[in-house]
Amino acid sequence: MIKLRIALVEIGGSHDECLFTQILALSSIEAEITFVTTREVYDRNKHFLPYIHHTYFFETSGKAIADFKNARRLVRFFKQQDIQKVVFNTAQGGQIRNISLLLPRRIQAFGIIHTIRKFHGSFTHKIINRKIKKFLVLSDDLLKRIAPQKNSTIGSFYPIDFPRLGKDIHKSDDACWVTLTGGVENRRKDLTGFVSLVEQTPANVSFIFLGKTDVTREDVGQLFEELKARNLMNRIVYFDSFIDAETFDGYLTKTDFLLPLIHPTTQSAEQYVVNQISGAFTLSFGYHIPLLMHVAFQNELDLQQASFFYDPIHFNRDFTTALHENGAKRQQLKHNPKWQSEAQQDIYLRFLETHE
């Protein structure tokens, strides 16, 4: 039996957390995997290496002619390796447009879309769609919001597999960890409302910003000054440098709640619920960690199954309820048929195998 020879392409650098489920699924059928990526993505994902057969580094120059030549070289490499299918893990942007249009007819192309805005009038997406006819989005809730597409088949899947790397992070027995994925920033997180949430929780609750925080930013400085003024800074954990995969996994393994901190007043409210999901949602489904979500989002079906909802004014009350029911919610997440690794890997493989 001839092995499937497939290329996974991630050259944007923002969505490599979606790759591990794909890699495990393809490994389960003994596919020969070529990983097309940048040096930066490669260096922070060394745990992929046991599953990868070939690596191709694609670096962009920012110059149209040079980047087009790079795309042509990559497609030539695909032909030499006799690649049968290509999955674009971030199927958007000019680089993907160039690569997809240069692919020969015999190579099937698939794409993962991270924001459904791309289906609503993106000119670049229309060009990409000339070659890629099958797409996945990252939740059933997003899929329901997409109008039928004349030239596309669209499905949904959840990339819920994450490497468990075994780093032991110390946590005292009486501690409660509320983790915010990413660094401190005001664009995606309601930092103004955050201070009030911290004030309403017991002293044993720590809030962990699990990402690199730029401490020179004005909004970060303002937040820290306010927390210090209210004697709350000792409840905050943050990192001013890159967090490696081992540390990231170690903290999540011991996290009690995930707090996306998406409020209706934040700039990202529509973007991160209506048009795309927060990465915290997928981590919740994969690690079985309950979410703390603003009550404004209680009509989202996935969030209903994974979240405790809160009113910021009564956060103390709602957080107390979440503490009492944390164990039951974790079991609900763990045993939900939708969020089983095998089920999502099967959905992914069927997505590839039924390409027409």
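Please refer to the structure higher up on the page.
Overview of the structure. (Residues numbered from 1 in each chain as written. Predicted model: local features only at pLDDT ≥ 70, side-chain atom pairs only at ≥ 80, totals over all residues. Heavy atoms only, no water.)

Topic: the overall build of the protein chain
(1) Moving on: For the protein chain, the count of helices and strands is 14 helices and 13 strands.
(2) Moving on: The C-alpha extent of the protein chain, read off along each of the three principal axes, is 60 × 40 × 40 Å.
(3) Moving on: Relative to its full complement of 356 residues, the protein chain shows a buried share of 54%.
(4) Moving on: Of the contacts made within the protein chain by residues no fewer than 6 positions apart, 69% connect residues no fewer than 24 positions apart.
(5) Moving on: Per element, the accessible surface of the protein chain, about 16,500 Å² overall, is 49% carbon and sulfur.
(6) Moving on: Here the protein chain holds 43 positive side-chain charges and 39 negative ones, and the gap between their average locations is 10 Å. (Helix = DSSP H or I, 4+ residues; strand = E, 2+ residues; numbered from the N terminus. Buried < 20%, exposed > 50% of the residue type's maximum accessible area, 1.4 Å probe, protein only. Contact = heavy atoms within 4.5 Å. Areas by Shrake-Rupley, 256 points an atom, 1.4 Å probe, with all protein chains shown as cover. Lys, Arg positive; Asp, Glu negative; His and termini not counted. Charge placed at Lys NZ, Arg CZ, Asp CG, Glu CD.)

Description of a positive patch on the surface
(1) Moving on: Together, Lys69, Arg72, Arg73, Arg76 and Lys79 make up a positively charged patch on the protein surface.
(2) Moving on: On the secondary structure map, Arg72 appears in helix α3 (residues 64–80). (Patch = residues over 30% accessible without salt bridge, like charges linked within 9 Å, V, L, I, M, F, W, Y side chains within 5 Å. Salt bridge = Lys/Arg side-chain N within 4 Å of Asp/Glu carboxyl O.)

Looking at empty space enclosed by the protein
Which parts of space are left empty comes out when a probe the size of a water molecule is rolled across the atoms.
(1) Moving on: For the structure on display, the rule yields one cavity of 30 Å³ or more.
(2) Moving on: Considering only enclosed or pocket space, the largest cavity measures out at about 80 Å³ in volume.
(3) Moving on: In terms of lining residues, the largest cavity is bounded by Ser139, Asp141, Leu142, Arg145, Val273, Ile277, Phe281, Phe285, Glu300, Asp302 and Leu303.
(4) Moving on: In terms of residue class, the lining of the largest cavity is made up of six nonpolar, one polar and four charged. (1 Å grid on protein atoms, 1.4 Å probe; cavity = no way out; pocket = protein on both sides within 12 Å on 5 of 7 lines; lining within 4 Å. Points joined across faces, edges and corners; volume = space filled by probe spheres on them. Nonpolar A, V, L, I, M, F, W, Y, C, P; charged D, E, K, R; others polar.)

Side note on helix α1 (residues 19–28)
(1) Moving on: Counting buried residues in α1 gives seven out of ten residues, a clear majority hidden from the surface.
(2) Moving on: Inspection of α1 places Leu19, Phe20, Thr21, Gln22, Ile23, Ala25 and Leu26 among the buried residues, and these make up the whole buried set.
(3) Moving on: Residues of α1 that are buried make contact with β1 (5–10), β2 (32–37), β4 (85–88), β5 (108–112) and α14 (341–353).
(4) Moving on: At the exit of α1 stands Glu30, carrying a positive phi of roughly 60°.

A word on the pattern of salt bridges
(1) Moving on: A complete count under the given rule lists 15 salt bridges for this structure.
(2) Moving on: A salt bridge links Arg44 to Glu40; the shortest N-O distance between them is 3.3 Å.
(3) Moving on: Residues Asp256 and Lys171 are paired through a salt bridge, measuring 2.7 Å at the closest nitrogen-oxygen approach. A residue pair is termed long-range when its members are at least 10 positions apart, and Asp256 in the loop between α9 (245–253) and β11 (257–258) and Lys171 in the loop between β7 (153–156) and β8 (176–181) qualify at 85 residues.
(4) Moving on: Among the charged side chains, a salt-bridge network with shared partners connects Arg5, Asp82 and Arg106.

Some points on the environment of Glu10
(1) Moving on: With respect to the helices and strands, Glu10 occurs in strand β1.
(2) Moving on: What makes Glu10 buried here is its relative accessible area of 1%.
(3) Moving on: As a C-alpha pair, Glu10 and Glu353 span 343 residues in sequence and 21 Å in three-dimensional space.
(4) Moving on: Residues in contact with Glu10, not counting those within four places in the same chain, are His15, Asp16, Leu19, Phe35, Val36, Thr37, Thr38, Asn89 and Thr90.

Examining the packing of helix α7 (residues 191–199) against helix α8 (residues 218–229)
(1) Moving on: The N-to-C vectors of α7 and α8 enclose an angle of 20°; their axes lie 10 Å apart at closest approach. Relative to α8, the element α7 lies roughly parallel. In this structure, the crossing between α7 and α8 has a hand that is right-handed. Residue-level inspection shows Leu191, Phe194 and Val195 of α7 in contact with α8, the latter providing Asp219, Leu223, Glu226 and Leu227.
(2) Moving on: Among the residues making up the contact of α7 with α8, the classes are represented as five nonpolar, no polar and two charged. (Axes fitted to C-alpha atoms, helices over the stretch in contact; angles between N-to-C directions. Parallel < 35°, antiparallel > 145°, perpendicular 65-115°, else oblique. Left-handed = near helix turned anticlockwise from the far one by under 90°.)

Observations regarding the sheet that holds β7
(1) Moving on: Strand order in the open sheet made by the seven strands is β3-β2-β1-β4-β5-β6-β7, with parallel pairing throughout. The open sheet is flanked by β3 (54–57) and β7, the only strands paired with a single partner. Here the strands of the sheet are splayed against their neighbours by 20° on average, with no regard to which way each runs.
(2) Moving on: Its contacts with the sheet put α14 on β1, β4, β5, β6 (134–137) and β7, and the angle it makes with β6 is roughly 165°. (Pairing = 2+ DSSP bridges.)

As for the nonpolar core
(1) Moving on: Among the nonpolar cores identified, the biggest contains 85 residues, and Leu26, Phe78, Phe88 and Tyr348 are the most heavily contacted of them.
(2) Moving on: Sequence-distant contacts of Tyr348, defined by excluding residues within four places in its chain, comprise Leu8, Gln22, Ala25, Leu26, Val87, Leu136 and Phe157.
(3) Moving on: Of all hydrophobic cores here, the second largest spans 28 residues; its members include Leu180, Leu197, Met233 and Phe308. (Core = buried A, V, L, I, M, F, W, Y, C linked by side-chain atoms within 4.5 Å.)

So, the side chain of Gln276
(1) Moving on: Along the chain, Gln276 falls in the loop between α10 (270–275) and α11 (279–287).
(2) Moving on: Sequence-distant contacts of Gln276, that is, excluding residues within four places in its chain, are made with His114, Thr115, Leu142 and Gln271.

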